[in-house]
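If you want the building blocks of each chain, they are given just below.
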Amino acid sequence: MIIKENILASAKKTILSESESIAKLADFLDANFTEAVQKIYNSKGRLVVTGIGKSAIIAQKMVASFNSTGTPSLFLHASEAIHGDLGMIQTDDVIICISKSGNSPEIKVLVPLLKRFGNSLIAITGNMTSFLAKGSDIVLNTTVESESCPNNLAPTNSTTAQLVMGDALVVCLMEMRDFKPEDFAVYHPGGALGKRLLLRVKDMLENSLKPIVSPEASIKQVIFEISEKRLGVTAVVENDKVIGIITDGDIRRMLNDRDTFTDLTAKDIMTKNPKMTSSEAMVVEALNIMEDFSITQLVVVDNGDYKGVLHLHDILKEGIV
């Protein structure tokens, strides 16, 4: 029985054991890996990834990674394949089959069926003399000396090795496709990640909230405009050009410094040359400007045309940061 004092020691032992297994994978890489990447890259079909047991779970993760990085993929459960799901496979598809032993009953039934269709078969296995290895066109070695499991039974090191080998394939294919952040965004439109990569300033502007005053506007008019538009700021515009901004902070400082403001106008308290961005700019770029200058609003201008104000609070509400 593990006691409290040994919990961390056990966890560290597991992590170190798995990291050592992963490190050894680099020594197993050879021409087979290069051929596998090229085969998938040049394929006119999809990538079908199959496995049984824990390897099937790894296969599903691989499919998710491939799909999100530009390699159309689908998961085929090895046991379901022989009960009708083989119909998923098309002529030009490349198949990856994952199995630690390479000798499970389902794999022995499946491999000849896959070969009968004439598809290229890539094995990811920890047994280079297995039925799977011998029946495959390309073999990627994920041999581990042992599992971290104290009984050397539960898949731990072996499934981690499979996962890492899959990630190596994913990254190589991304690089071959010159897969860029904007490509990544196409496959991840939802959530914070998609918004960071796709959302532009124009997508967040509300035309109804476009605070604006003239240089000669009274302070009362300025306060009213800031309060009505609820952005904590107003642009000062002259001859259709933004010449300054006034924030609620400017108003507070003015009230602290003066007993009366009846003789003041917007141009007397505005900040000249405010920080600006364009409506086509990415929101994340606008956020970087705010962070660099410790400000919470940006004036949005396109070719000198005032479009509105982007506020930090709106960015935060979108969950971008």
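Residues numbered from 1 in each chain as written. Predicted model: local features only at pLDDT ≥ 70, side-chain atom pairs only at ≥ 80, totals over all residues. Heavy atoms only, no water.

Comments concerning empty space enclosed by the protein
Next, step 1: Scanning the entire structure with this criterion turns up one cavity of 30 Å³ or more.
Next, step 2: What lines the largest cavity is simply F28, L29, D30, N32, F33, V139, L140, N141 and M165.
Next, step 3: Where the lining of the largest cavity is concerned, the elements lending two or more residues are α2 (31–42) and β5 (138–141).
Next, step 4: Top element by residues in the lining of the largest cavity is β5. It accounts for three residues. (1 Å grid on protein atoms, 1.4 Å probe; cavity = no way out; pocket = protein on both sides within 12 Å on 5 of 7 lines; lining within 4 Å. Points joined across faces, edges and corners; volume = space filled by probe spheres on them. Helix = DSSP H or I, 4+ residues; strand = E, 2+ residues; numbered from the N terminus.)

Quick word on the packing of aromatic side chains
Next, step 1: Within the structure shown, the criterion is met by zero aromatic pairs.
Next, step 2: Sitting above the plane of the F117 ring, R116 keeps its charged end 5.5 Å from the centroid.
Next, step 3: Over the face of the ring belonging to F293 we find K275, whose NZ or CZ atom lies 4.0 Å from the ring centre. (Phe/Tyr/Trp six-rings, centres within 6.5 Å; stacked < 30°, edge-to-face > 60°. Lys NZ or Arg CZ within 6 Å of the ring centre and 35° of its normal.)

Some words on the sheet that holds strand β7 (residues 233–238)
Next, step 1: Spatially, four strands are ordered β6-β7-β8-β9 in an open sheet, and the strand pairing comes out mixed. Edge positions in the sheet fall to β6 (212–213) and β9 (271–272), since each has one partner strand and no second.
Next, step 2: Of the strand pairs in this sheet, strand β8 (residues 241–247) and β9 are connected by two bridges, and their pairing is antiparallel. Across the sheet, I245 pairs through a bridge with T271, a residue of β9. (Pairing = 2+ DSSP bridges.)

Some thoughts on the environment of K229
Next, step 1: Along the chain, K229 turns up in helix α10 (residues 219–229).
Next, step 2: K229 sits 18 residues away from P211 along the chain, and the two C-alpha atoms are 5.9 Å apart.
Next, step 3: Here the side chain of K229 touches E225 through a polar contact of 2.8 Å, side chain to side chain. (Polar contact = N/O pair within 3.5 Å; in protein donor to acceptor, adjacent residues only side chain to side chain.)

Quick notes on the side chain of S73
Next, step 1: As for its placement among the helices and strands, S73 is situated in strand β2 (residues 73–77).
Next, step 2: Under the relative-accessibility criterion, S73 is labelled buried at 11%.
Next, step 3: In this structure the side chain of S73 is engaged in a polar contact, spanning 2.8 Å, whose partner is the backbone oxygen of T71.
Next, step 4: Sequence-distant contacts of S73, defined by excluding residues within four places in its chain, comprise L47, V63, F66 and N67. (Buried < 20%, exposed > 50% of the residue type's maximum accessible area, 1.4 Å probe, protein only. Contact = heavy atoms within 4.5 Å.)

Brief notes about the layout of surface pockets
Next, step 1: Of the voids in this model, the largest pocket is the one considered here, and its volume is about 230 Å³.
Next, step 2: Taken together, 15 residues line the largest pocket, and the ones lying closest to its centre are I245, T247, I295, T296 and Q297.
Next, step 3: Examining the composition of the lining of the largest pocket, we find that three residues originate from one element, strand β11 (residues 297–302), more than from any other.
Next, step 4: Looking at the lining of the largest pocket, its residues break down into eight nonpolar, five polar and two charged.
Next, step 5: Estimated volume of the second largest pocket: approximately 170 Å³. (Nonpolar A, V, L, I, M, F, W, Y, C, P; charged D, E, K, R; others polar.)

Focus: the pattern of salt bridges
Next, step 1: One pass over the full model with this rule turns up 11 salt bridges.
Next, step 2: A salt bridge links E147 to K100, with the shortest nitrogen-to-oxygen separation between them at 2.8 Å. Of this pair, E147 sits in the loop between β5 and α7 (157–176) while K100 is found in the loop between β3 (94–99) and α5 (105–116), placing the two residues 47 residues apart along the sequence.
Next, step 3: By relative accessible area, which is 5% here, E147 ends up buried.
Next, step 4: In this structure, R253 and D250 form a salt bridge, with 2.7 Å as the shortest nitrogen-oxygen distance. Remark: D250 and R253 occur in helix α11 (residues 248–257); sequence separation between them is three residues, near one turn of the helix.
Next, step 5: The exposure class of D250 is buried, given its relative accessible area of 11%. (Salt bridge = Lys/Arg side-chain N within 4 Å of Asp/Glu carboxyl O.)

Some remarks on the pairing of β3
Next, step 1: Along β3, six of the six residues are buried, which leaves the element largely enclosed by surrounding structure.
Next, step 2: Direction of pairing for β3 relative to strand β4 (residues 120–125): parallel, over a ladder of six bridges. Bridge pairing in β4 links I95 to L121.

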